[in-house]
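An overview of the molecular structure
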Amino acid sequence: MTPTFPMAAISRLRMATDGDGVTTLVCAWGCPLRCAYCLNKFTWDEKTKVERLTAEELYARVKLDSLYFEATGGGITFGGGEPLLYADFFPEFRRVCGTKWKLTAETSLAVPREKLLLAAGTIDRFIVDIKDTDPLVYQAYTGLDNRAVLQNLRLLLTLADPQKIRVRLPLIPEYNTEHHRDRSEEILREMGVINIERFTYIVR
Amino acid sequence: MTGKQKCKILKQIRKQIADANDIRYVIEECSHKGKCKGTCPRCEWEVRMLERELEKRRLSGKKVALAGISAGVIVSSATACTPVEIMERAVNRLLGNEIEGNMALEGDVPYTPDTLQPLEGETEIVEPLMGDPVPESDISYPGEVVEETAVGEVVADVDGLLELPETDYDPDDEPEFAGVPPFECETETDQEWEGEAEIPVLEGDVAYPVDEDEWDETEEVMIAGILIPPEEETT
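The rules behind the values
- Residues numbered from 1 in each chain as written.
- Chains lettered and ligands numbered in written order.
- Predicted model: local features only at pLDDT ≥ 70, side-chain atom pairs only at ≥ 80, totals over all residues.
- Heavy atoms only, no water.
- Buried < 20%, exposed > 50% of the residue type's maximum accessible area, 1.4 Å probe, protein only.
- Helix = DSSP H or I, 4+ residues; strand = E, 2+ residues; numbered from the N terminus.
- Pairing = 2+ DSSP bridges.
- Right-handed = clockwise from strand over helix to strand, strands pointing away.
- pLDDT = per-residue confidence, 0-100.
- Contact = heavy atoms within 4.5 Å.
- Axes fitted to C-alpha atoms, helices over the stretch in contact; angles between N-to-C directions.
- Parallel < 35°, antiparallel > 145°, perpendicular 65-115°, else oblique.
- Left-handed = near helix turned anticlockwise from the far one by under 90°.
- Nonpolar A, V, L, I, M, F, W, Y, C, P; charged D, E, K, R; others polar.
- Arc of directions from axis to C-beta.
- Phe/Tyr/Trp six-rings, centres within 6.5 Å; stacked < 30°, edge-to-face > 60°.
- Lys NZ or Arg CZ within 6 Å of the ring centre and 35° of its normal.

**Digging into the pairing of strand β8 (residues 195-200) of chain A**
Residue and element names in this part refer to chain A. Of all six residues that make up β8, five are buried, and the element is covered over most of its length. Inspection of the sheet shows strand β7 (residues 165-171) paired to β8 by six bridges, in the parallel sense. Looking at β8, one finds that R168 is bridged to E197. Crossover handedness for the path β7 to helix α7 (residues 178-191) to β8: right-handed.

**Details of unusual backbone geometry**
All names here are of chain A. The omega torsion across G80 and G81 is 20°, close enough to zero to call that bond cis. Positioned with a positive phi, L109 is a non-glycine residue whose angle comes to about 65°. Among the structural elements, L109 can be located in the loop between β5 (102-107) and α4 (113-120). On the basis of relative accessibility, which here comes to 0%, the residue L109 falls in the buried class. The phi angle at E174 is positive, at roughly 80°, despite the residue not being glycine. Structurally, E174 is set in the loop between β7 and α7. Of the residues examined, E174 reaches a relative accessible area of 18% and is grouped as buried.

**Section: the confidence of the model for chain B**
For any part of a model where pLDDT is low, the fine detail of the predicted coordinates should not be relied upon. Residues and elements named next belong to chain B. Across chain B, pLDDT averages 57, with 31% of residues at or above 70. Low pLDDT (under 50) marks residues 76-167, which in the prediction has 165 contacts with non-local residues, meaning those over four places away or in another chain. Under a pLDDT of 50 for its full length, residues 220-228 has, in the predicted model, 20 contacts with residues more than four places off or in other chains. The complex prediction reports pTM at 0.65, with the ipTM value standing at 0.87.

**Structural notes on the packing of helix α1 (residues 55-62) of chain A against helix α3 (residues 89-97) of chain A**
The description of two packed helices rests on the angle between their axes and on the distance between the axes. All names here are of chain A. Running from N to C, α1 and α3 cross one another at 55°; their axes reach a closest spacing of 9 Å. The angle between α1 and α3 falls in the class oblique. Read as a crossing pair, α1 and α3 show a hand that is right-handed. Between α1, through A55, E56, L58, Y59 and V62, and α3, the contact on the second element is made entirely by F89, E92, F93, R95, V96 and C97. Considering only residue class, the contact of α1 with α3 consists of eight nonpolar, no polar and three charged.

**Side note on α3 of chain A**
Residues and elements named next belong to chain A. Where α3 is concerned, the buried positions are F89, F90, F93, R94 and C97. Down the axis of α3, the smallest arc covering the buried residues is 130°, so these residues share one side. Considering only its buried residues, α3 is in contact with β1 (5-15), β3 (51-53), α1, β4 (75-80), β5 and α4.

**Notes on the packing of aromatic side chains**
Residues and elements named next belong to chain A. Taken as a whole and judged by the stated rule, the model has 16 aromatic pairs over all chains. Measuring from ring centre to ring centre gives 5.7 Å for Y37 and Y175, while their planes differ by 85°; the resulting arrangement is edge-to-face. In this pair, Y37 sits in the loop between β2 (22-28) and β3 while Y175 sits in the loop between β7 and α7, placing the two residues 138 residues apart along the sequence. The two residues Y37 and Y175 agree in class, both being buried. Pairing F78 with F93 gives two aromatic rings, centres 5.7 Å apart and planes at 90°, and the pair type is edge-to-face. One end of the pair, F78, is in strand β4; the other, F93, is in helix α3, with 15 residues separating them in the sequence. Exposure class is identical for F78 and F93. Each is buried. A connected cluster of aromatic rings, assembled from ring pairs, spans F5, Y59, F69, F78, Y86, F89, F90, F93 and W101. One residue, R168, lies across the ring of F199, its end atom 4.0 Å from the ring centre.

**Things to note about the sheet that holds β3 of chain A**
Within the open sheet, the eight strands sit side by side as β3-β1-β2-β4-β5-β6-β7-β8 (chain A). Their pairing is mixed. With one partner strand each, in any of the chains shown, β3 and β8 of chain A form the two edges of the open sheet. Sheet twist, expressed as the average angle between the axes of neighbouring strands with direction ignored, equals 30°. The pairing of β4 of chain A with β5 of chain A spans four bridges and is parallel. Paired with I76 of chain A across the bridge in β5 of chain A is L103 of chain A. Relative to the sheet, helix α1 (residues 3-20) of chain B contacts β1 and β2 of chain A, its axis offset from that of β1 of chain A by approximately 80°.

Structure representation (structure tokens):
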């Protein structure tokens with residue numbers, strides 16, 4: 001069966017937020033997490049209208065910015081939602097778009113191991129939102145246990161160049177503190193993570 | 001980043017591509033007034049023209065320089081800077097403004113004023129939106145926060161110590177993956193929608209242009225709610 005990607009939203013000409021260069025963000029529908037401050041709650045909503053696109057169809061949609069992708073080292077960023085749930089789509093898309101575009105995945109790594117193995121062979125860059133390494137904080141914020149997430153991160157660090165992996169460490173008001181974040185950074189550095197981005201959620 | 005700033009950066013990228021391939025390209029000041037998403041039919045048309053010229057060059061056997069030409073213009077936030085600071089620095093670099101502090105960003109292309117056209121304009125820092133990174137000094141915590149969460153109330157005091165509610169969570173349980181989305185979404189690519197598919201447009205999103213074959217520069221075009229007046233014919 002031809003793999004398809006359930007696209008819930010698409011955003012063109014993004015800069016400096018989803019990887020290097022000019023990127024187009026393609027949001028997947030569906031996510032195993034239920035983060036309290038999720039920006040894209042429509043990716044959980046079963047009423048969200050979704051387009052299931054083949055690799056050729058998605059390529060036809062996004063190729064109009066190919067000039068910027070090639071010139072700036074950008075490309076397509078798969079986000080969502082949890083794009084790695086559809087990891088079987090990535091090799092097919094790579095076959096269609098060629099090697100000049102960079103493919104980036106914004107992921108929580110809350111996916112089965114097999115999905116990560118499939119994605120690691122195709123995706124050029126990973127942006128991992130680890131939330132917090134403390135299991136209680138993670139459970140409170142996302143509703144899910146994080147042991148598998150940390151195992152997947154360890155696996156990813158062996159499968160991909162650590163320089164191509166960026167881990168985002170948020171300060172989440174009402175859920176974690178600077179102390180939690182310092183401890184998380186310590187753990188991540190011990191695991192071999194090189195690129196760590198600390199930022200803060202604003203809750204309005 | 002405002003739409004105008006984005007437009008200027010993209011224009012600069014087009015200029016660099018054109019210069020690297022001996023294609024004549026003159027940056028014209030945009031006369032559009034009002035809100036801008038970063039691109040418009042005129043900018044899209046320029047991209048198509050550039051692509052055609054590059055293809056002509058390729059077909060005539062000449063070398064086409066494209067990969068990484070503008071790699072230093074946009075840098076990712078994987079540095080010590082926040083994305084807001086990164087964008088500010090990128091825009092300042094293009095504007096030819098002096099930047100204070102250590103500007104040696106990892107993977108950055110050295111700034112060479114001779115190769116970049118100075119641009120007019122101002123640097124505007126957009127107020128961060130929910131979820132956007134902000135300087136940590138701007139964050140302060142109340143004395144106590146009570147919030148409903150997926151597992152019940154979470155209470156934290158001013159020191160950030162959390163009192164998590166009792167749940168059925170057992171650390172000895174084997175982790176379970178949702179693995180698949182909790183809801184099956186049944187869609188067909190040939191499903192008929194009423195009008196166009198209502199794909200949510202993310203904040204700051206750039207609307208897709210109409211089909212290239214249908215473009216008519218003499219017609220008015222509505223892009224993202226902005227009426228683009230037709231180009232006046234010059235005699």
